[in-house]
Amino acid sequence: MGLLSDPYRRRALSRLILRLNTPLCILSYLAGLGWFLGLASPPFTLRSYMSENAMGSTMVEEQFVFGERALSYAREFAGHRKKVGGIPVAWLEKTMWNLGLEVYKQPFSRTLPFPDEMRERYMVKGTNVYGILRAPRAASTESLVLSVPCSTGQHNSQAVGLMLALASYFRGQIYWAKDIIFLVNEHDLIGMEAWLEAYHDVNVTGEASGAVGAGAGPVSVGARDVQSPLDVAVGGLGTGAGWPNLDLCTTFPDAFCRKLNGCCAPLQGRLQRTDWDTLPAYVHSLQTLLLMVLKQGSGRPQGDHGLFLRYHIEAITVRGINSFRQYKYDMGTVGKTLEGMFRKLNNLLERLHQSYFFYLLPSLARFVSIGVYMPAFGFLILILVLKISPEPQLRATAARGGLWAESRPGLLTLVPPLLICHAMGLTLYFLPVLGQHVATQHFPVSESEAVVLTVIAIYVAGLALPHNTHRVLTGCGSERSWMTLKLLSLLYLAMLLGCITLINFSLGFLLAVTMVPVAAIIQPKGPKYLYAVLLVLVTPAVTLLLSIVLYQELIEYPISALECWQLFLQAVSEGLLDHYLYGSIVFPFIALFVYPCWLLLWNVLFWK
């Protein structure tokens, strides 16, 4: 404490930081990258464990024997689906009613902000069908959800068959303490969002849908794309980069890989290794971790369960994968595993809360907690702190050297760049969707292409507009003016990255790795053209482009430059649709905050 309270020691510490500022920044950046790369190694990871005693692997004994019935239901569902050319609502209602469920259907409709050319849809209409198995030993205050998506082009008839077989089996049991909802939703995430909004009696996306007739439940488990024979892939990433409670993610690997010896549960499309102390195993874990970071940074839900997490309902998605192994598991085995999962959730007396909600998964057997991965981001933010802290000392030194003989600029100096940069952000956020019809009238493009090309045009136009405005004001070309603007930009960037990292660590870390070092060295002196190239290379758009290339390399599917550009345009379009349809925060965060902050740094570079 004496070091901070004594003015002489504090002044000596400031001089030391000022003298060693650049080496400390470089060391901090290398420490942040090194810490992140070390997250895939065993010293940084913990072995996954079960915090909820009620969900232990020995708490229930599975007895599901309706595997052949599940296949029969699947064949019947596929036939009716082919006959009607969509979801067979009448057949599902009749089948669920014969199983003894309370059956409801929910029509919904949604007009997209602009056509989704990838899925060829604009005005979406569909129907969700669900049946409720009332708990004989409870007052219907809690429920579990087993959902299966049914959309055009999906071959998940066996998932529907397994769901109906489970409903038939569950109907004959008397130990249920929670209602169980069996849901078949149409049009994937749009149908699921319609059902959830009606279920919670809210309308946050403007989607028109009918009412549902069931009480709120604390837990959801989503199963989709079940095939037989199969292995199983587990997914848990939701909208806004949320993850379900770690106990829920641990339950399925525990049931599949340990209790059912030999069944594989891949993560991020990669099989898990057991030799943790070897270099190939570390590289494998690092690649899995990087894939998770890239997916989490996108903010896109990796399944229907992602929308449940927005309502604080823990959920995961189980996907069947037809592997090339000789021995595989049938529908009966998968049904037993889902039965065990539901019986464990049925034993819960309260919400899942004892395990972690913020974590990274280099594998399903090990995890990295928030207290371990946050220092990697902290080292990167320390660079901005080190660059901000010497500013008062720099001012005093410059004043003694007679560098600031000109008049002291006021706050009016900073108003034009701040206003114009944020006006560009507002334009980037609102204009592409609002002006799509005008663009299609004057240019030979579709609405979707008009939106994406307008985004790119506004983004590039921002480079030319703001950095000349300050020259009309008196005193704006002084040293103090651009240093004050840079100080404000660094504070702004540190605040933005700190806030988004608490919600989406991966997005904050990716932006920090690219933007922080360049933001720290930017100034209107020295090799200006080199600084300009570096600043363009760390813009969020280029970061997205490089992330696409890295992702394709990690999944071992390299692409050409043209394919990369097409994926970039598709990612921009999907980002806008995710925001308007499901409430993703990535696009508004980039457009309204990160892009204006980057333009402020561009102003600093071209201040003189």
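Being a predicted model, the structure only gives us computed values, none of them experimental. (Residues numbered from 1 in each chain as written. Predicted model: local features only at pLDDT ≥ 70, side-chain atom pairs only at ≥ 80, totals over all residues. Heavy atoms only, no water.)

A few points about the UniProt feature "transmembrane region" (unreviewed entry) in the protein chain
Alright, step 1. UniProt records the feature "transmembrane region" (unreviewed entry) for residues 20-40, 356-389, 410-430, 490-523, 529-551 and 580-601 in the present numbering.
Alright, step 2. With 81% helix and 0% strand, residues 20-40 has end C-alpha atoms that lie 31 Å from one another.
Alright, step 3. Summarising residues 490-523: 91% helix, 0% strand, and an end-to-end C-alpha distance of 12 Å. (UniProt positions renumbered as here; feature names shortened; annotations may be inferred. Helix = DSSP H or I, 4+ residues; strand = E, 2+ residues; numbered from the N terminus.)

What to know about a nonpolar patch on the surface
Alright, step 1. A surface patch of nonpolar side chains, amounting to about 320 Å² of accessible area, comprises Leu16, Leu20, Leu24 and Leu27.
Alright, step 2. Here Leu27 lies in helix H3 (residues 21-37). (Patch = residues over 30% accessible without salt bridge, like charges linked within 9 Å, V, L, I, M, F, W, Y side chains within 5 Å. Areas by Shrake-Rupley, 256 points an atom, 1.4 Å probe, with all protein chains shown as cover. Salt bridge = Lys/Arg side-chain N within 4 Å of Asp/Glu carboxyl O.)

A few points about the packing of helix H14 (residues 415-434) against helix H22 (residues 586-605)
Alright, step 1. Relative orientation of the contacting elements H14 and H22 amounts to 145 degrees, with a least axis distance of 8 Å. The handedness of the crossing between H14 and H22 is right-handed. In this structure, H14 uses Pro417, Leu418, Cys421, His422, Met424, Gly425, Leu426, Leu428 and Tyr429 to contact H22, whose residues at the interface are Phe587, Pro588, Ala591, Leu592, Tyr595, Pro596, Leu599, Leu600 and Asn603.
Alright, step 2. Taken together, the residues of the contact of H14 with H22 sort by class into 15 nonpolar, 3 polar and no charged. (Axes fitted to C-alpha atoms, helices over the stretch in contact; angles between N-to-C directions. Left-handed = near helix turned anticlockwise from the far one by under 90°. Contact = heavy atoms within 4.5 Å. Nonpolar A, V, L, I, M, F, W, Y, C, P; charged D, E, K, R; others polar.)

Things to note about the sheet that holds strand E10 (residues 359-360)
Alright, step 1. Spatially, the 3 strands line up as an open sheet ordered E1-E11-E10, and their pairing is antiparallel. Both outer strands of the open sheet, strand E1 (46-47) and E10, are each paired with one neighbouring strand and no more.
Alright, step 2. Bridge count for E1 against strand E11 (residues 366-369) is 2 bridges, and the pairing is antiparallel. Residue Leu46 lies in a different strand from E11, and its bridge partner there is Phe367.
Alright, step 3. Sheet strands in contact with helix H12 (residues 370-388) are E10 and E11, and its direction is about 55 degrees off that of E11. (Pairing = 2+ DSSP bridges.)

Considerations on the nonpolar core
Within soluble globular proteins, side chains that are nonpolar generally end up buried alongside one another.
Alright, step 1. With 154 residues, the main nonpolar core has Phe170, Phe182, Trp195 and Leu535 as its most contacted residues.
Alright, step 2. What Phe182 contacts, discounting residues up to four positions off in sequence, is Met96, Leu101, Val129, Tyr130, Gly131, Leu133, Leu146, Met163, Leu166, Ala167 and Phe170. (Core = buried A, V, L, I, M, F, W, Y, C linked by side-chain atoms within 4.5 Å. Buried < 20%, exposed > 50% of the residue type's maximum accessible area, 1.4 Å probe, protein only.)

Quick notes on unusual backbone geometry
Alright, step 1. We note that Asp188 has phi near 50 degrees; this positive angle belongs to a residue other than glycine.
Alright, step 2. Tracing the backbone shows Asp188 in helix H7 (residues 188-199).
Alright, step 3. On the basis of relative accessible area, Asp188 is assigned to the partly exposed category, the value being 22%.
Alright, step 4. With a phi angle near 60 degrees, His312 is a residue other than glycine that sits in the positive phi range.
Alright, step 5. Of note, His312 is situated in the loop between helix H10 (305-309) and strand E9 (317-321).

Topic: the pairing of strand E4 (residues 143-150)
Alright, step 1. Counting buried positions along E4 yields 8 of 8 residues, so the element is predominantly enclosed.
Alright, step 2. Residues Ser143, Val145, Ser147 and Pro149 of E4 are buried on one face, and the alternating residues Leu144, Leu146, Val148 and Cys150, pointing to the opposite face, are buried as well.
Alright, step 3. In the sheet, E4 pairs with strand E5 (residues 179-186) via 8 bridges, with the strands oriented parallel. Opposite Pro149, over in E5, you have Asn185 as the bridge partner.

Brief notes about the pattern of salt bridges
Alright, step 1. In this structure the tally under the stated criterion is 7 salt bridges.
Alright, step 2. With its nearest N and O atoms 3.1 Å apart, the salt bridge here joins Arg134 to Glu102. Placement of Arg134 in the loop between strand E3 (121-133) and E4 and of Glu102 in strand E2 (residues 102-116) is noted, with a sequence separation of 32 residues between them.
Alright, step 3. Glu102 sits in the partly exposed class, given a relative accessible area of 28%.
Alright, step 4. In this structure, Asp179 engages Arg134 in a salt bridge whose closest nitrogen and oxygen atoms are separated by 2.9 Å. Of the two residues, Asp179 sits in strand E5 while Arg134 sits in the loop between E3 and E4, which places them 45 residues apart along the sequence.
Alright, step 5. Asp179 sits in the buried class, given a relative accessible area of 3%.

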